[in-house]
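# An overview of the molecular structure
Each chain, written out:
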Amino acid sequence: MKDYNAQLKVQAYLDGELPDTEARQVEAWLAQDAELRGLLSELRCTRDALRDNEPEVKLPVPHELYWSGIARAIEQAEAAQPRPVESPAQRWLAWLQRYLAPAAAVAAVALLAIGVGRFLADNPARHYVEIINYSTDIHVSSFRSPSEKMFVVWLSRNAPPAAVAAPAVEESDWEEFYQ
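Residues numbered from 1 in each chain as written. Predicted model: local features only at pLDDT ≥ 70, side-chain atom pairs only at ≥ 80, totals over all residues. Heavy atoms only, no water.

### Details of the packing of aromatic side chains
To describe a pair of aromatic rings, you give the distance between the ring centres and the angle between the ring planes. Counted under the stated rule, the structure contains three aromatic pairs. Centre to centre, the rings of Tyr 66 and Trp 67 are 5.3 Å apart; their planes meet at 80 degrees, and the pair counts as edge-to-face. Classification of Trp 67 as partly exposed rests on a relative accessible area of 48%. Taken together, a centroid distance of 5.3 Å and an interplanar angle of 15 degrees make the contact between Trp 92 and Trp 95 stacked. With a gap of three residues between them, Trp 92 and Trp 95 both fall in helix H5 (residues 88-122), about one helical turn apart. Given the relative accessible area of 52%, Trp 92 is considered exposed. Of the residues examined, Trp 95 reaches a relative accessible area of 39% and is grouped as partly exposed. Members of the aromatic cluster, connected to one another through ring pairs, are Trp 92, Trp 95 and Tyr 99. (Phe/Tyr/Trp six-rings, centres within 6.5 Å; stacked < 30°, edge-to-face > 60°. Buried < 20%, exposed > 50% of the residue type's maximum accessible area, 1.4 Å probe, protein only. Helix = DSSP H or I, 4+ residues; strand = E, 2+ residues; numbered from the N terminus.)

Written as structure tokens, this is what we have:
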């Protein structure tokens, strides 16, 4: 099928919406392209089917008078309904619902925002989880610096060397070492 713009122009041609120059251009396309002629035929059949099967409603009175009569009937029905008499308690309740309920909702949102802000400001690293390593092949070391707002975890494949207590070194041993 031709491009979308060509299809739209064929539809506008069928509806008589194109200027003369564009209408002649579409007629030239239709003379050369059987696919566009098929589209025009299909669009024409669809338009005729919709037009022929649409029920036509005849109003018993002129159009303007019909709609003004409907508007008048609505106004009369509204005027005929008695307005309920509101007591001062009902007016007070209506005022609370109208003004205080939204104010309470705004206050609740503000309190929630302040609470979340304080929660996060107290300890920003609170959401860190303790790392538990059940593997014997991987060694985990960690470093945390609150002043730098940094938390680092090192993972290494080899187990750390066993902690060996350093022997006590005396001053005489140092003298031997430097000689």
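So, next bit.
### A word on the pattern of salt bridges
Counted by the stated rule, this structure contains three salt bridges. Close ionic contact of Lys 9 with Glu 22 constitutes a salt bridge, the shortest N to O distance being 3.8 Å. With Lys 9 in helix H1 (residues 4-15) and Glu 22 in helix H2 (residues 20-32), this pair connects stretches of sequence that are 13 residues apart. Assessed through its relative accessible area of 25%, Lys 9 is described here as partly exposed. Among the ionic pairs, Asp 48 bridges to Arg 51, the shortest N-O distance being 3.4 Å. One end of the pair is Asp 48 and the other is Arg 51, both in helix H3 (residues 34-53) and three residues apart, which spans about a single turn. Through salt bridges with shared partners, one network takes in Arg 47, Asp 48 and Arg 51. (Salt bridge = Lys/Arg side-chain N within 4 Å of Asp/Glu carboxyl O.)

### Regarding the confidence of the model for the protein chain
Of all residues in the protein chain, 79% have pLDDT values of 70 or greater, and the mean over the chain is 79. Mean pLDDT values for the elements of the protein chain range from 50 in helix H6 (residues 171-178) up to 92 in H2. (pLDDT = per-residue confidence, 0-100.)

### Topic: the pairing of strand S2 (residues 150-156)
Relative to S2, strand S1 (residues 139-145) is paired through seven bridges, and the arrangement is antiparallel. Paired with Arg 144 across the strands is Phe 151, a residue of S2. Hairpin geometry of S1 and S2 is characterised by an intervening segment of four residues between the two adjacent antiparallel strands and by a positive phi of about 55 degrees at Lys 149. (Pairing = 2+ DSSP bridges.)

### Re H2
Given a rise of 1.5 Å per residue, 13 residues ought to cover 18 Å, and the 19 Å separating the end C-alpha atoms of H2 matches this to within 8%. Every buried residue belonging to H2 is among Ala 23, Val 26 and Leu 30, and all of these are buried. With its buried residues spanning 60 degrees around the axis, H2 presents them on a single face. Facing away from the buried side of H2 by more than 90 degrees, the exposed set consists of Thr 21, Arg 24, Ala 31 and Gln 32. Elements that come into contact with the buried residues of H2 comprise H1 and H3. (Expected span 1.5 Å × (residues − 1). Arc of directions from axis to C-beta. Contact = heavy atoms within 4.5 Å.)

### Focus on the environment of Val 152
Of note, Val 152 is situated in strand S2. Once residues lying within four places of it in the same chain are set aside, the contact partners of Val 152 are Ser 141, Ser 142 and Phe 143.

### Focus: the nonpolar core
Among the nonpolar cores identified, the biggest contains 10 residues, and these are Val 10, Ala 12, Leu 14, Leu 18, Ala 23, Val 26, Leu 30, Leu 36, Leu 39 and Leu 40. Residue assignment for this core shows that the elements contributing at least two residues are H1, H2 and H3. Aside from chain neighbours lying at most four places away, what touches Leu 30 is Tyr 13, Leu 36, Arg 37 and Leu 40. (Core = buried A, V, L, I, M, F, W, Y, C linked by side-chain atoms within 4.5 Å.)

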